[in-house]
Amino acid sequence: MGKSILRKFRKHTFSDYFELDHPVKEIVEEFGYQYSFEELTLPGTKREITSLARLRETFLKKLPFITLNSEIAKRTFFLAPLLLEILDYIQVEINVEYPLDAGDHLNGSLDYLIRYAGTIVIVEARKGNMERGFNQLAATLIALDRHEESPLKTLYGAVTTGDMWRFGILQRQEKMLKKDMNGYILPANLEELFSVLLGILGYGVSI
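Residues numbered from 1 in each chain as written. Predicted model: local features only at pLDDT ≥ 70, side-chain atom pairs only at ≥ 80, totals over all residues. Heavy atoms only, no water.

### Examining the overall build of the protein chain
Piece 1. A tally of regular secondary structure across the protein chain gives six helices and seven strands.
Piece 2. In the protein chain, the succession of helices and strands from N to C terminus is α-α-β-α-α-β-β-β-α-β-β-β-α.
Piece 3. By its C-alpha atoms, the protein chain is 50 × 40 × 30 Å across when sized along the principal axes.
Piece 4. For the protein chain, the residues scored as buried account for 49% of the 207 residues in total.
Piece 5. A separation threshold of at least 6 residues defines the contact pool for the protein chain, and within that pool the share at least 24 residues apart is 66%.
Piece 6. Accessible area of the protein chain: about 10,500 Å², with a carbon and sulfur share of 50%.
Piece 7. Each charge class in the protein chain was averaged separately, 25 positive and 28 negative side chains, and the resulting centres sit 2 Å apart. (Helix = DSSP H or I, 4+ residues; strand = E, 2+ residues; numbered from the N terminus. Buried < 20%, exposed > 50% of the residue type's maximum accessible area, 1.4 Å probe, protein only. Contact = heavy atoms within 4.5 Å. Areas by Shrake-Rupley, 256 points an atom, 1.4 Å probe, with all protein chains shown as cover. Lys, Arg positive; Asp, Glu negative; His and termini not counted. Charge placed at Lys NZ, Arg CZ, Asp CG, Glu CD.)

### Brief notes about the layout of surface pockets
If you roll a probe as big as a water molecule over the atoms, it shows you where there is empty space left.
Piece 1. Size it by volume and the largest pocket reaches roughly 160 Å³.
Piece 2. Taken together, 14 residues make up the lining of the largest pocket; nearest its centre are Ser70, Glu71, Lys74, Ala125 and Thr161.
Piece 3. In terms of residue count, the dominant contributor to the lining of the largest pocket is helix 4 (residues 71-86) (four residues).
Piece 4. When its residues are assigned to classes, the lining of the largest pocket shows three nonpolar, six polar and five charged. (1 Å grid on protein atoms, 1.4 Å probe; cavity = no way out; pocket = protein on both sides within 12 Å on 5 of 7 lines; lining within 4 Å. Points joined across faces, edges and corners; volume = space filled by probe spheres on them. Nonpolar A, V, L, I, M, F, W, Y, C, P; charged D, E, K, R; others polar.)

### Things to note about the side chain of Thr119
Piece 1. By the secondary structure assignment, Thr119 is in strand 4 (residues 119-124).
Piece 2. Judged by its relative accessible area of 4%, Thr119 falls in the buried class.
Piece 3. If near-sequence neighbours (up to four positions away) are discounted, Thr119 is found in contact with Leu113, Ile114, Leu144, Leu152, Leu155, Tyr156 and Ile200.

### Some details on helix 4
Piece 1. Taking 1.5 Å as the rise per residue, helix 4 with 16 residues should run 22 Å; its terminal C-alpha atoms sit 22 Å apart, in good agreement.
Piece 2. Helix geometry: helix 4 is bent most strongly at Leu79, by close to 30 degrees, with proline Pro81 lying one to four residues after it. (Expected span 1.5 Å × (residues − 1). Bend = angle between axes of the 7 residues up to and from the residue.)

### As for the pairing of strand 2 (residues 94-101)
Piece 1. Strand direction decides the pairing type here: strand 2 and strand 3 (residues 107-115), joined by seven bridges, are antiparallel. Paired with Asn95 across the strands is Leu113, a residue of strand 3.
Piece 2. What sits between strand 2 and strand 3 in their antiparallel hairpin is a turn of five residues, with Gly103 showing a positive phi close to 125 degrees. (Pairing = 2+ DSSP bridges.)

### What to know about the pattern of salt bridges
Piece 1. Counted under the stated rule, the structure contains 13 salt bridges.
Piece 2. For Glu85, the salt bridge is made with Arg54, and the minimal N-O distance between the two is 3.6 Å. In this pair, Glu85 is assigned in helix 4 and Arg54 in helix 3 (residues 52-62), connecting sequence segments 31 residues apart.
Piece 3. Classification of Glu85 by relative accessible area gives buried; the value is 4%. (Salt bridge = Lys/Arg side-chain N within 4 Å of Asp/Glu carboxyl O.)

### Quick notes on the side chain of Thr161
Piece 1. Take Thr161: it is sitting in the loop between strand 5 (154-160) and strand 6 (164-171).
Piece 2. Among the polar contacts listed, one links the side chain of Thr161 to the side chain of Asp163, at a separation of 2.7 Å.
Piece 3. Contacts of Thr161, omitting those with residues within four sequence positions, involve Lys74, Ala125, Gly128 and Met130. (Polar contact = N/O pair within 3.5 Å; in protein donor to acceptor, adjacent residues only side chain to side chain.)

### Here we look at unusual backbone geometry
Piece 1. Look at the link from Leu186 to Pro187: it is a cis peptide, with omega at 5 degrees.
Piece 2. Within the secondary structure layout, Pro187 lies in the loop between strand 7 (176-185) and helix 6 (190-201).
Piece 3. Positioned with a positive phi, Glu97 is a non-glycine residue whose angle comes to about 55 degrees.
Piece 4. The residue Glu97 is located in strand 2 in this model.
Piece 5. With a relative accessible area of 46%, Glu97 lands in the partly exposed category.
Piece 6. The backbone phi angle of Lys127 is positive, close to 60 degrees, even though this residue is not glycine.
Piece 7. Mapped onto the elements, Lys127 comes out in the loop between strand 4 and helix 5 (130-147).

If you want it as structure tokens, here you go:
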């Protein structure tokens, strides 16, 4: 490819990738990875999910009374309750603003990092921009791939505005980053989204 899109001698943090106008394909190629945009088959838990009625009712009955016109509001009233619900099924640490340094162009804080049998990184899409949020997610997944020594063949990531979610996967051996064509919206796709999150972490599936 042509001239590097990363400024020489400048240290990039993960949030810097949100500001880049370049397509995600060019960003991942900078690090020797490939990119694909396709319909993904994501894991889902095979175990029964029993406690989402309360969360759904909370979304439907209480959110209409809350002003959701800021990132903090959506993070507080959509994202936090959903992640807390995971703890009803698996006792897992939810790392917030997790520091990671994988080199000059791959360092900073991961918005959310959750590890169990599987690993997922969650990035908040600032300003509601899911496309640029995926640029940031791509950088965090590559950094995690270079930093982690786990035997996992696939790392998972998600970009979210709180109510909207889109996933990506990084196949480590192939050095391939794939972005899902499909997305999930809360509260409409609550059950499907929750099943995917549990499936990624390895609850009720074989990793």
